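# Survey of secondary and tertiary structure
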Amino acid sequence: MATATRPGAAGEAGAGTAPRRASLVLLALIVVAAVANLNLTVANVALPDIGRAFDAGQTALDLIAIGYSLGLAGSVLYLGAVGDRYGRRMMLVAGVLLSVPACLLAAYAPDAGVLLAGRLLGGISAGMAYPTTLALITALWSGPARIRAIALWSGIGGAITALGPMLAGLVLQHFWWGSAFLLTLPLAVVALVLALACVPSHVNETTDAVDHLGGVLSMVFVAALVITINFAPVPGAGALALGTALAALAAGSGFFLRQRRARSPLYDLHVAGRRIFWVAAVGGIIVFGSLMGAIFVGQQYLQDVLGYSPLRAGLAILPAAVCLVAFAPLSARLVHACGSGFTLLSGYLLCLLSFVTMLLLWKQGSSYWVVGLAFALLGAGVGLAGTPASHSLTGSVPTRRAGMASGTADLQRDLGGAIMQSILGALLTAGYSAAIARSVASAPRRSQITSSVQSQLEKSFAGAQQVAQRYPRYAGKITAAAKHAFLAGDQWAYAAAIIGVLIGAALVFALFPRKDAEAALLARYQSEDRP
């Protein structure tokens, strides 16, 4: 069995420790993570086709897009703790197995509701497998060796996330929209074989009881929060949004109180209160959420406004994937040389430049170099920020709490992705609907536009396209108005993303310790955590 020792002073100062067959173990963990990463974004490129197939509104498309992130974000803390207690490899293998029926359910869904259920189930399967990968890296590696392993895990994982739309676009050129959800099946088989052959069964697992009540409360809190954000701007959904907001408040409060009183809390608030931990957690939520939000809005912009095919729209994101892989090793070196705070801020700067490019230069008829530049800057920013965000979490917790650290690292990406996609999607929906309403109000033959037609126009870009097909005489004007409305909505989304990135950068600059202070704090945490 592969083993790893808890990093001590020597391990941190030197090369660090690593398991036997380290390359194979890391490969297995990266491939398992790839199953989850690939599933995150394959839906985005298929959204226009899904909207046409099910006559789905923008809110339904938003939920389908975030369904996977929602299932994953809601379950990672609970399932990460279960893995810490009962066996990380067991959870990893079970998650990969469950991903198979989840993909099949999504691919062959007869309606939008079943498709959303398949996405949620897929997210829960990833919640079983994905946090285990980082937990095992934390348990098996230490020192600079751990930083390098996390850099590879983070960089390749982020690149696969960005490559999802390209691969989905490739299959959508030849098959129906559901084929995008079948992409991960061959990868799941490879992941299962590697996990069983290479990943050790038990490494520094805890004997503490699992806080099941806390786990349920955490799942309710995340789900209610994300649903509230999605439905808050929807006309006529105020009562639903208020109800879910109250549920989120109650579950969040209950979770906090439970963690303060439980003998073996699911989420150790003492550890979570450490400055390196919580600042890195919030900072990572924003930067990883930015990637997911940009891919979500960008895919619709490329296909609906610029008229890209699904394949071309997927290929357009390639610069983000390339830069993610290229900048991840640089990120590891910068963390070692300059500290996590400096590296995080460098990533934030590039993300900020990316969203400014989208806000100012992504227009109707924009050339590809403008699109590629924004995605390249975003990929480089996430590539730089991903390693310090994850390393700061894993380095500031005891190994027995590796599941908590890995669960939080997953929340950075998945809760961040769900929240950012929800916020950007809600703003896109509100801006689009408002612009379409203005276009209808100023139309020369306003009296001839029925309330049902106006409702269909305001529902989504796909809804407007269906109206255009029914009224070919006005198709050109309807499509032009829908594109103008989309561009009005995505300006709201990009402006919100810029504000979010600036808030995150300010938080890191003001509160994250500089390099020497960071090293001293991490050493103090390790001393406190020694049994």
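Since the model is a prediction, treat every value here as computed from it, not as a measurement.

Per the secondary structure count, the protein includes 20 helices and zero strands. Counting across all 531 residues of the protein, residues that qualify as buried make up 61%. Long-range contacts, defined here as pairs at least 24 residues apart, represent 84% of the contacts in the protein between residues at least 6 apart. Put simply, the protein shows about 19200 Å² of open surface, and 69% of that area lies on carbon and sulfur atoms.

For any two aromatic rings, the description comes down to two numbers: the centre-to-centre distance and the angle of the planes. Tallied over the full model, the rule gives six aromatic pairs. When the ring of Tyr108 is compared with that of Trp176, the centres are 5.4 Å apart and the planes differ by 35°; the resulting orientation is tilted. Taken as a pair, Tyr108 in the loop between helix H4 (88–107) and helix H5 (112–140) and Trp176 in the loop between helix H6 (143–172) and helix H7 (184–198) lie far apart in primary sequence, 68 residues in all. Through a chain of ring-to-ring contacts, three or more aromatic side chains come together here, namely Tyr301, Trp362, Phe375 and Tyr494. Over the aromatic face of Tyr308 sits the side chain of Arg312, whose NZ or CZ is 3.9 Å from the ring centroid. Just above the ring of Phe509 sits the side chain of Arg514; from NZ or CZ to the centre is 5.2 Å.

Core analysis: the largest hydrophobic core is formed by 90 residues, its most contacted members being Phe181, Tyr301, Leu302, Phe355 and Trp362. Sorting elements by how many residues they give to this core places helix H11 (residues 275–305) first, with 14 residues. Non-local contacts of Tyr301, meaning those with residues more than four positions away in its chain, are made with Leu306, Trp362, Lys363, Ser366, Val371, Phe486, Leu487 and Asp490. Counting residues in hydrophobic clusters, the runner-up holds 36 residues, among them Leu72, Val93, Leu140 and Ala191.

With respect to the helices, strands and loops of the structure, Ser340 is situated in helix H14 (residues 340–361). Taking the relative accessible area as the measure of exposure, Ser340 reaches 0% and is therefore buried.

Time to look at a nonpolar patch on the surface. A cluster of nonpolar side chains, Val100, Leu104, Tyr108, Phe175 and Trp176, forms an exposed patch at the surface whose accessible area comes to about 500 Å². Relative accessible area serves as the criterion here: at 53%, Tyr108 is assigned to the exposed category.

Relative to the assigned elements, Ser75 resides in helix H3 (residues 58–86). At 2.8 Å, the side chain of Ser75 forms a polar contact with the backbone oxygen of Gly71. With residues near it in sequence (within four places) discarded, Ser75 still touches Gly80, Gly123, Ile124, Gly127 and Met219.

What follows is about helix H2 (residues 22–54). The end-to-end C-alpha distance of H2, which contains 33 residues, comes to 47 Å, matching closely the 48 Å that a straight helix rising 1.5 Å per residue would cover. The largest bend in H2 comes to about 60°, at Leu47, with the proline Pro48 one to four residues further on.

Turning our attention to the packing of H4 against H7. It is the contact of H4 with H7, at a shortest axis distance of 10 Å, that shows an interaxial angle of 165°. On the basis of their axis angle, the class for H4 and H7 is roughly antiparallel. In terms of crossing hand, the pair formed by H4 and H7 is left-handed. Residues Arg89, Leu92, Val93, Val96, Leu97, Ser99, Val100, Cys103 and Leu104 of H4 pack against Thr184, Leu185, Ala188, Ala191, Leu192, Ala195 and Leu196 of H7. Of the residues belonging to the contact of H4 with H7, the class tally is 13 nonpolar, two polar and one charged.

The subject of this paragraph is the environment of Thr133. On the secondary structure map, Thr133 appears in helix H5. If we skip the residues at most four places from it in the chain, Thr133 touches Leu29, Val32, Ala33, Leu92 and Trp153.

Before going further, it helps to examine the confidence of the model for the protein. Considering every residue of the protein, the mean pLDDT works out to 78; 84% of them sit at 70 or more. Within the protein, helix H1 (residues 9–13) has the poorest average pLDDT of any element, 39, and H14 the best, 90. Taken as a whole, residues 1–13 scores under 50 in pLDDT and shows 37 contacts with residues more than four places along the chain or in a different chain.

Quick notes on the rules
Residues numbered from 1 in each chain as written. Predicted model: local features only at pLDDT ≥ 70, side-chain atom pairs only at ≥ 80, totals over all residues. Heavy atoms only, no water. Helix = DSSP H or I, 4+ residues; strand = E, 2+ residues; numbered from the N terminus. Buried < 20%, exposed > 50% of the residue type's maximum accessible area, 1.4 Å probe, protein only. Contact = heavy atoms within 4.5 Å. Areas by Shrake-Rupley, 256 points an atom, 1.4 Å probe, with all protein chains shown as cover. Phe/Tyr/Trp six-rings, centres within 6.5 Å; stacked < 30°, edge-to-face > 60°. Lys NZ or Arg CZ within 6 Å of the ring centre and 35° of its normal. Core = buried A, V, L, I, M, F, W, Y, C linked by side-chain atoms within 4.5 Å. Patch = residues over 30% accessible without salt bridge, like charges linked within 9 Å, V, L, I, M, F, W, Y side chains within 5 Å. Salt bridge = Lys/Arg side-chain N within 4 Å of Asp/Glu carboxyl O. Polar contact = N/O pair within 3.5 Å; in protein donor to acceptor, adjacent residues only side chain to side chain. Expected span 1.5 Å × (residues − 1). Bend = angle between axes of the 7 residues up to and from the residue. Axes fitted to C-alpha atoms, helices over the stretch in contact; angles between N-to-C directions. Parallel < 35°, antiparallel > 145°, perpendicular 65-115°, else oblique. Left-handed = near helix turned anticlockwise from the far one by under 90°. Nonpolar A, V, L, I, M, F, W, Y, C, P; charged D, E, K, R; others polar. pLDDT = per-residue confidence, 0-100.

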